[in-house]
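Residue strings, one per chain:
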Amino acid sequence: MRRVVVTGVGAVTPLASGAQNTWQKLLNSQSGIKSIDTFDVSDIPAKIAGLVPRGVGEGLFNAEDHVSVKDMKKMDDFIVFGVAAADQALADSGWKPETEEDQEATGVLIGSGIGGLPKIAEATELVNGGKTRRVSPFFIPSCLINLVSGQVSIKHGLKGPNHAVVTACSTGAHAVGDASRMIMLGDADVMVAGGAEAAVCRLGMAGFAAARALSTGYNDTPTEASRPWDEGRDGFVMGEGAGCVVLEEYEHAKARGAKIYAEVVGYGMSGDAYHITAPAEDGNGGFRSMRNALRNAGLNPEDVDYVNAHGTSTPLGDEIELGAVKRLFGDHASNMSMSSTKSATGHLLGAAGAIEAVFSILAIHEGVVPPTLNLRNPSEACKGIDLVPLEAKQRKVNVALSNSFGFGGTNASLVFKAI
Amino acid sequence: MSDVADRVKKIVVEHLGVEEDKVTENASFIDDLGADSLDTVELVMAFEEEFGCEIPDDAAEKILTVKDAIDFIEKANG
């Protein structure tokens, strides 16, 4: 099987625009979670979210840097974020296919958990208000999940596989995993892969709040709300943004002298077959996903140095994942580090797995593991495992595993290794 | 130039993101101003909104140039 490496990273997150900008803020224990001031939340119990910082300047997200004003109305925010993260990853990789052959060998696989919810809400209001003729001809293509991949391919002339993944909060991880297999199997030499999400709108907040999934106890202290494994956790915090990686066949990357961050060595998947929103209580789905990823990588649990957990800060999910990790890693759990970067970014749903893949890759590349913010009172179950509380930690990471679990009981784990 | 013509040209500049001097009366939305079929649908909607008139689909199909739009609106509102 052909080997696949990561040669570019891009991220638009509540911490910053840019993978390095985000990473530096993450390592400095900064939080991207704030009060929602862009729409009315007076009738919604959760009033905070991880919002992408917008503006002009280093680390701020300026949509016009990536999409013309004319094209902006053809894209809901999740597409704009996805296009931006893909631009960044491609620029970082230095891969700019110009010949027909190179373009055909380069594909895109960027997913989203939900797609254009804000535009769907807007258009629904028009239709219900009798203004059907006012519905924009761009409404449907501005909402469709695969239009991130479509827009990225059009912008950069990428004529290889054009695909999209929709697996709720596992989307980003599945996208990276599936895209790596397309390269392994020879469908493409290079893939731009990732996830994008922008569902922080009244409809999205109301829906997740109705499912009792969101934190509601920290509306006055937003940066403290996402606290995976902490006794005081009370639900996840919505986030928005996108993450992308450029995946490349190893010899292809070497031949052009590309910077190589890490190798994608393992990808595992599983289904809970249990409940639409709750994880199976014994953590069996997450356990099998991690086990399958390690088996696929040909590695043992003892080889893993760092786990980027799904860790959303929900009362149920965090402990179940921890249990599955302890069961799989046994005694080795006390030798490795595991953290939840959602403590700083919030939960980016379909983009989460992609930005967390970026964090796992950077942990390997830079020899530092990012922190779990707000983990001041770890629950009893946290004993015997380093959850990197509050501050980043220098440590050599040869192998990193990243978990993503989604509604519907869909699980994905990625394993990256230093090259 | 008429008031209608000014307003039509302003909408075309905004929606198609083109330079003002390119929006001549004889300019074709698709051939000269880079619009696609969806852009033209949206342009017609913007004209309807701006001038408070209704442009039926069969009439919209015949609005291919800046002048076509100005003529239709002046007739409709005249």
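Rules used throughout
- Residues numbered from 1 in each chain as written.
- Chains lettered and ligands numbered in written order.
- Predicted model: local features only at pLDDT ≥ 70, side-chain atom pairs only at ≥ 80, totals over all residues.
- Heavy atoms only, no water.
- Helix = DSSP H or I, 4+ residues; strand = E, 2+ residues; numbered from the N terminus.
- Rg over C-alpha atoms; globule rule 2.2 N^0.38 Å.
- Buried < 20%, exposed > 50% of the residue type's maximum accessible area, 1.4 Å probe, protein only.
- Contact = heavy atoms within 4.5 Å.
- Lys, Arg positive; Asp, Glu negative; His and termini not counted.
- Charge placed at Lys NZ, Arg CZ, Asp CG, Glu CD.
- Salt bridge = Lys/Arg side-chain N within 4 Å of Asp/Glu carboxyl O.
- Core = buried A, V, L, I, M, F, W, Y, C linked by side-chain atoms within 4.5 Å.
- Domains from an automatic or database assignment.
- Axes fitted to C-alpha atoms, helices over the stretch in contact; angles between N-to-C directions.
- Parallel < 35°, antiparallel > 145°, perpendicular 65-115°, else oblique.
- Left-handed = near helix turned anticlockwise from the far one by under 90°.
- Nonpolar A, V, L, I, M, F, W, Y, C, P; charged D, E, K, R; others polar.
- UniProt positions renumbered as here; feature names shortened; annotations may be inferred.
- Phe/Tyr/Trp six-rings, centres within 6.5 Å; stacked < 30°, edge-to-face > 60°.
- Lys NZ or Arg CZ within 6 Å of the ring centre and 35° of its normal.
- Pairing = 2+ DSSP bridges.

**Student:** Residues and numbers for the overall build of chain B, please.
**Tutor:** The number of helices and strands found in chain B is four helices and zero strands. Reading chain B from its N end, one meets helices and strands in the order α-α-α-α. For chain B, the C-alpha radius of gyration of 11 Å lies close to 12 Å, the compact-globule estimate for 78 residues. Judged by the C-alpha coordinates and their principal axes, chain B covers about 30 × 25 × 20 Å. In chain B, which comprises 78 residues, the proportion classed as buried is 45%. A separation threshold of at least 6 residues defines the contact pool for chain B, and within that pool the share at least 24 residues apart is 56%. Where the 7 positive side-chain charges of chain B centre and where its 22 negative ones centre are 5 Å apart.

**Student:** Before we move on, could you go through the pattern of salt bridges and cite the residues and values that matter?
**Tutor:** Considering all chains together, one arrives at 27 salt bridges over all chains under this definition. Glu49 of chain B is paired through a salt bridge with Arg134 of chain A; the nearest N and O atoms lie 3.2 Å apart. Remark: Arg134 of chain A occurs in the loop between α5 (117–128) and α6 (139–143) and Glu49 of chain B occurs in helix α2 (residues 37–51); the pair is interchain, linking two chains. Overall, the relative accessible area of 53% leaves Glu49 of chain B in the exposed class. The exposure class assigned to Arg134 of chain A is partly exposed, which follows from its relative accessible area of 24%. Of the charged contacts in the structure, one is a salt bridge between Arg227 of chain A and Asp230 of chain A, with a shortest N-O distance of 3.0 Å.

**Student:** Outline the nonpolar core, listing residues and values.
**Tutor:** Residues and elements named next belong to chain A. Val6, Val9, Trp23, Val245, Leu247, Ile361 and Phe416 are the most contacted members of the largest nonpolar core, which has 49 residues in total. For this core, the element with the highest residue contribution is helix α14 (residues 352–366), accounting for nine residues. Both domains that meet at this core, namely domain 1 (4–262) and domain 2 (264–417), each give it at least three residues. Every residue in contact with Val9, bar those within four places of it in the chain, is listed here: Ala19, Gln88, Ala89, Asp92, Cys244, Val245, Tyr261, Val358 and Ile361. Listed in part, the 30 residues of the second largest apolar core include Met75, Val80, Phe81 and Ala86.

**Student:** Go over the packing of helix α1 (residues 3–16) of chain B against α2 of chain B, please, and point to the residues and values.
**Tutor:** Residue and element names in this part refer to chain B. Running from amino to carboxyl end, α1 crosses α2 at an angle of 140 degrees, the nearest separation of the two axes being 10 Å. The orientation of α1 relative to α2 falls into the category oblique. Every pair of crossing elements has a handedness; the one defined by α1 and α2 is right-handed. In this structure, α1 contributes Val4, Arg7, Val8, Ile11, Val12, His15 and Leu16 to the contact, and α2 contributes Asp39, Glu42, Leu43, Ala46, Phe47, Glu50 and Phe51. Looking at the contact of α1 with α2, its residues break down into nine nonpolar, one polar and four charged.

**Student:** Let's hear about the UniProt feature "active site" (unreviewed entry) in chain A: which residues, and what values?
**Tutor:** UniProt marks Cys169 of chain A with the feature "active site" (unreviewed entry), using the numbering shown here. Overall, the relative accessible area of 8% leaves Cys169 of chain A in the buried class.

**Student:** Talk me through the UniProt feature "modified residue: O-(pantetheine 4'-phosphoryl)serine" (unreviewed entry) in chain B; I want residue IDs and the actual numbers.
**Tutor:** Residue and element names in this part refer to chain B. Mapped onto the present numbering, the UniProt feature "modified residue: O-(pantetheine 4'-phosphoryl)serine" (unreviewed entry) falls at Ser37. If you trace the backbone, Ser37 turns up in helix α2. Residue classification places Ser37 among the exposed positions, given a relative accessible area of 52%.

**Student:** Give me the lowdown on the packing of aromatic side chains, citing residues and values where you can.
**Tutor:** Residue and element names in this part refer to chain A. Considering all chains together, one arrives at five aromatic pairs over all chains under this definition. Taken together, a centroid distance of 6.1 Å and an interplanar angle of 40 degrees make the contact between Phe208 and Phe407 tilted. Here the residue Phe208 occupies a position in helix α9 (residues 202–210), and Phe407 occupies one in the loop between β13 (399–406) and β14 (410–417), the gap between them amounting to 199 residues. Judged by relative accessible area, which is 34%, Phe407 ranks as partly exposed. Following the ring pairs from residue to residue traces out a cluster consisting of Phe208, Phe236 and Phe407. Of note, Arg3 hangs over the ring of Tyr250, and the distance from its end group to the ring centre comes to 4.5 Å.

**Student:** Describe the pairing of strand β8 (residues 262–271) of chain A, naming the residues involved and giving the relevant values.
**Tutor:** Residues and elements named next belong to chain A. For β8, the tally of buried residues reaches eight of 10 residues, placing the bulk of the element in the interior. Pairing of strand β1 (residues 4–12) with β8 involves three bridges; the strand directions are antiparallel. Following the sheet pairing, Val6 is matched in β8 by Ala262. One ladder, built from eight bridges, connects β8 with β14; its direction is antiparallel. Residue pairing across strands places Ser270 opposite Asn411, the latter belonging to β14.

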